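Fold and geometry: a report
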Amino acid sequence: QTFQNLINTGHSMGVVFFAGAGNDSNNNVFYPAGYDNVIAVASTNDNDVKSDFSNWGTYVSVCAPGGYASPGPMGILSSVIYNSSLGYYDLMAGTSMATPIAAGLAGLMKSINPDLTPDDLKSIMQATCVNIDALNPQWAGQLGAGRIDAYEAVKAVPFSPQPAFSTPVSIIQPGQSIDFTDLTKGIPNSWNWTFNGGMPATSTVKDPTGITYYTPGTYDVTLNAQNAYGNETITRQSYIVVTDNPAPYPQFEASLTTGCIYNPI
């Protein structure tokens with residue numbers, strides 16, 4: 001309980017705890033990985049199969065590469081205190097190798113949004129894991145959310161929105177409609193649009209369609225995007241131009257972009 005109290009205190013201060021699930025090839029709860037508010041990391045090989053040495057169990061949070069590849073190095077390169085044939089590095093295998101890889105991913109995620117809470121970070125990391133139960137039927141449901149996926153986890157990190165949008169055209173004739181596409185970065189969870197001169201004049205959907213302008217003139221468009229980490233607004237002044245005599249706006253589409261001889265496009 002004393003150790004759990006210490007971990008709970010650190011967790012409440014924003015500390016993210018990782019611990020190896022152990023290398024005893026059993027499902028006994030291994031500590032400190034088994035404490036609440038600790039991300040328990042099991043080990044997989046290069047084929048996403050549980051390493052033969054790795055523990056498993058319902059307390060495991062995620063898996064990460066922990067050594068052994070065929071063909072390839074039998075282990076993960078780690079710094080060591082002795083001078084080996086590889087210098088002050090040597091090949092190691094274990095959940096102690098898998099755990100710092102998971103912690104390194106946490107560092108990448110926090111570099112994008114330092115305000116991520118430990119619970120947010122764990123949730124995103126688990127939600128973006130590669131499910132490996134089919135490759136590990138003997139341990140299905142006991143390898144956490146699966147093997148971590150750094151690329152997907154980093155893409156899924158929310159941060160204060162950076163509003164942006166686009167339209168197919170910005171110059172139209174009276175009575176024509178325009179569709180808007182949200183391009184906001186930061187994974188917003190709400191959108192508030194204002195279409196000066198448009199009908200409807202406001203929208204709260206991500207990608208408003210059919211915004212109609214009836215009167216010639218130039219009109220501003222404003223987008224406010226929000227999530228748990230911020231609330232930002234962009235206004236593009238005189239973005240929409242409504243005129244009775246618009247200049248040509250060339251566009252085209254093609255069913256194919258490449259083709260062989262005699263293949264029509």
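To start, this report covers the structure provided alongside it. (Residues numbered from 1 in each chain as written. Predicted model: local features only at pLDDT ≥ 70, side-chain atom pairs only at ≥ 80, totals over all residues. Heavy atoms only, no water.)

What about the overall build of the chain?
When helices and strands are tallied, the chain shows four helices and 15 strands. Computed over its C-alpha atoms, the radius of gyration of the chain comes to 26 Å, more than 25% above the 18 Å expected for a compact globule of 265 residues. Evaluated residue by residue, the chain yields a buried proportion of 38% over its 265 residues. Counting only carbon and sulfur atoms, one obtains 54% of the accessible surface of the chain, whose full area is about 14,600 Å². Positive and negative side-chain charges in the chain, numbering 8 and 19 respectively, have mean positions lying 2 Å apart. (Helix = DSSP H or I, 4+ residues; strand = E, 2+ residues; numbered from the N terminus. Rg over C-alpha atoms; globule rule 2.2 N^0.38 Å. Buried < 20%, exposed > 50% of the residue type's maximum accessible area, 1.4 Å probe, protein only. Areas by Shrake-Rupley, 256 points an atom, 1.4 Å probe, with all protein chains shown as cover. Lys, Arg positive; Asp, Glu negative; His and termini not counted. Charge placed at Lys NZ, Arg CZ, Asp CG, Glu CD.)

So, unusual backbone geometry
In this chain, Y31 is followed by P32 through a cis amide linkage whose omega measures 15°. Within the fold, P32 resides in the loop between strand 1 (17–20) and strand 2 (38–44). In this model, M199 is joined to P200 through a cis peptide bond whose omega is -5°. Looking at where P200 falls in the secondary structure, it is placed in the loop between strand 11 (198–199) and strand 12 (202–203). You will see that S238, though not glycine, has its phi angle at about 50°, which is positive.

Observations concerning helix 3 (residues 118–127)
Since there are 3.6 residues in each turn of an α-helix, residues three or four apart along the chain are aligned in direction. Listed in full, the buried residues belonging to helix 3 are P118, L121, I124 and M125. Projected down its long axis, helix 3 carries its buried residues within an arc of 135°, all on one side. Among the structural elements, helix 1 (2–12), strand 1, strand 2, strand 3 (62–65), helix 2 (95–112) and helix 4 (150–155) are those in contact with the buried residues of helix 3. (Arc of directions from axis to C-beta. Contact = heavy atoms within 4.5 Å.)

Here's the deal with the pattern of salt bridges
Per the stated rule, a full pass over the model turns up four salt bridges. One salt bridge connects D182 with K206, and the closest N-O pair in it is separated by 3.9 Å. With D182 in strand 9 (residues 181–182) and K206 in the loop between strand 12 and strand 13 (211–213), this residue pair connects regions lying 24 residues apart in the sequence. For D182, a relative accessible area of 6% translates into the label buried. Where D207 meets K206, a salt bridge forms, and the shortest distance between an N and an O atom there is 3.8 Å. Looking at K206, the relative accessible area reads 38%, which means it is partly exposed. Bridged by salt links that share partners, the residues D182, K206 and D207 form one connected network. (Salt bridge = Lys/Arg side-chain N within 4 Å of Asp/Glu carboxyl O.)

Some details on the pairing of strand 15 (residues 230–242)
In this sheet, strand 15 lies alongside strand 7 (residues 171–172) in parallel orientation, the contact comprising two bridges. Bridge pairing in strand 15 links I171 to V241. Sheet topology note: the strand 14 (residues 217–227)/strand 15 ladder contains 10 bridges and is antiparallel. By the bridge assignment, L223 is partnered in strand 15 with I234. Hairpin connection, strand 14 to strand 15: the antiparallel pair is bridged by two residues. (Pairing = 2+ DSSP bridges.)

Side note on the packing of aromatic side chains
Counted according to the given criterion, the structure contains 10 aromatic pairs. Both rings, one in F165 and one in W193, keep their centres 5.4 Å apart while their planes meet at 65°; by these two values the pair is edge-to-face. A residue pair is termed long-range when its members are at least 10 positions apart, and F165 in strand 6 (residues 165–166) and W193 in strand 10 (residues 190–195) qualify at 28 residues. In this structure F165 comes out as buried when scored by relative accessible area, which is 4%. Taken together, the ring pairs connect F165, F180, W193, F195 and Y239 into an aromatic cluster. One Lys or Arg, R236, reaches over the ring of F165 and ends 5.2 Å from the middle of that ring. (Phe/Tyr/Trp six-rings, centres within 6.5 Å; stacked < 30°, edge-to-face > 60°. Lys NZ or Arg CZ within 6 Å of the ring centre and 35° of its normal.)

Limitation: the analysis is restricted to geometry and does not speak to function.
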